[in-house]
Each structure stands twice: as C-alpha cells, then as structure tokens.
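Structural characterization, general
Here's the letter readout for the chains.
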Amino acid sequence: DYMHIRLAQESDYQKIYELVQTAFLTAQVSDGTEQDFVLKLRKGDTFIPQLEFVAEDNNELIGHIMMTKQNIQTQNGILTGVLVAPLCVKKEYRNQGIGRALITHAHQCARQLGYQAAFLVGDPLYYHRFQYFQTNKFNIKNNSEIPDQYVLACELNHDSLKNIVGEINIVE
C-alpha cells in the first residue's frame, strides 16, 4: 500500500473536482459547494499553483489540499499568509494519517516559499494537533462572519506572528 503526495496538475483537475465533491458529502461541515470553490480559487489572483497537492494510492486520487494567498492587515502593513482550503480525504482512507501528511507537506512547501503563517476555517479539535489556534491568540481579529472559534492560525516559523496586531477577513 503505497501512498504518496505530489503537486496537482491540470490533468488532475476533473478527478480533484469529483474527489472533493464526494468527500464533502460525508464531511461533518459542508455546504455542498466545495468542489466549485476549488474552481473559483484557481481562477482568482490568490491561487498558488505550487501549493496545490494530491495524495495518491496506486494511481488513485485519495486526498487533496490547496493553499491560497491570505492577506492580514497589520499595524506594519500587509502580511501575506496562506489559507488552507479545502482539505479532503476519500472516506475509506480517513483516519490513516493522510490529512496529516497533506497538511505537513503543504506547510513545509509554504514555508520554503517564504510564507510566515497559515490560516483556515475548521474544527479546532482536529486542527489543534497541527498547532492551529484561534487567531485572537495572535492578536489577529477575525472580521468575517464565521464564529471566532473556527477561524484558526498557525505560525509556519517560530514566533512568526509574535508581535503582530492585525485583522483577518476570510472571504467565503
């Protein structure tokens, strides 16, 4: 059983669409439009092709993650971080560490590209293990309509959000 992670390619886009659509049918939190959200993100100016990955098992797509640019307005100007969304793993492959592998890989690549922080909207209980905490822990005010407890931030480098006072506005 050989799982590996690689950069997503255009030839994967249709399969990714189907994977995201199917995976979110069984997700705890879903509005049913995640697969269209992926298409929308790819068309936007926040898209980072180097930060879209798939997990494969025997040539079958079993997981997907993408990160897009997320600006934080701070007292010292704009800090550009990444927004992790969406992340999914095929139902029969869940709880095997594939989500963890995708996040860890994406974090490393984002760090190499110079991004200082990652943000996401998600279940704090799940994402806490990856060092994601409510943005207000880092003095970043959540300006979106999403409840604070679900708007999370992670420092990609040690103390990279330490002396920041800022605001985040996640556009859904």
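Residues numbered from 1 in each chain as written. Predicted model: local features only at pLDDT ≥ 70, side-chain atom pairs only at ≥ 80, totals over all residues. Heavy atoms only, no water.

A look at the pairing of strand 3 (residues 60–74)
Side-chain direction in a regular strand flips from residue to residue, so the side chains alternate between the two faces of the sheet. The condition that has to hold: Note on classification: 1.4 Å probe, protein chains only; a residue is buried when its accessible area is under 20% of the maximum for its type, exposed when over 50%, partly exposed between these limits. Secondary structure elements are defined from DSSP: runs of H or I of at least 4 residues count as helices, runs of E of at least 2 residues count as strands, and each element is numbered from the N terminus. Two strands pair if DSSP finds at least two bridges between them.
The buried count for strand 3 comes to 11 of 15 residues, which makes it a mostly enclosed element. Where strand 2 (residues 47–57) lies against strand 3, seven bridges are found, and the strand directions are antiparallel. Across the sheet, Glu52 pairs through a bridge with Met66, a residue of strand 3. As judged from the 11 bridges shared by strand 3 and strand 4 (residues 77–89), these two strands associate in the antiparallel manner. Residue pairing across strands places Ile65 opposite Leu87, the latter belonging to strand 4. In textbook terms, the turn of a hairpin is the stretch between consecutive antiparallel strands, and for strand 3 and strand 4 this stretch comprises two residues. The pairing of strand 3 with strand 9 (residues 166–168) spans three bridges and is antiparallel.

Section: the packing of aromatic side chains
Quick reminder of the rule: Any two rings among Phe, Tyr and Trp, with Trp reduced to its six-membered ring, count as a pair given centres within 6.5 Å; such a pair is stacked if its planes are under 30 degrees apart, edge-to-face if over 60, and tilted if neither.
Inspection of the entire model under this criterion finds five aromatic pairs. Ring geometry for Tyr127 versus Phe130: centroids 6.3 Å apart, planes at 50°, classification tilted. When its relative accessible area of 9% is taken as the criterion, Phe130 is described as buried. Look at Tyr127 and Tyr132: their rings are 5.9 Å apart centre to centre, the planes differ by 70°, and that puts the pair in the edge-to-face class.

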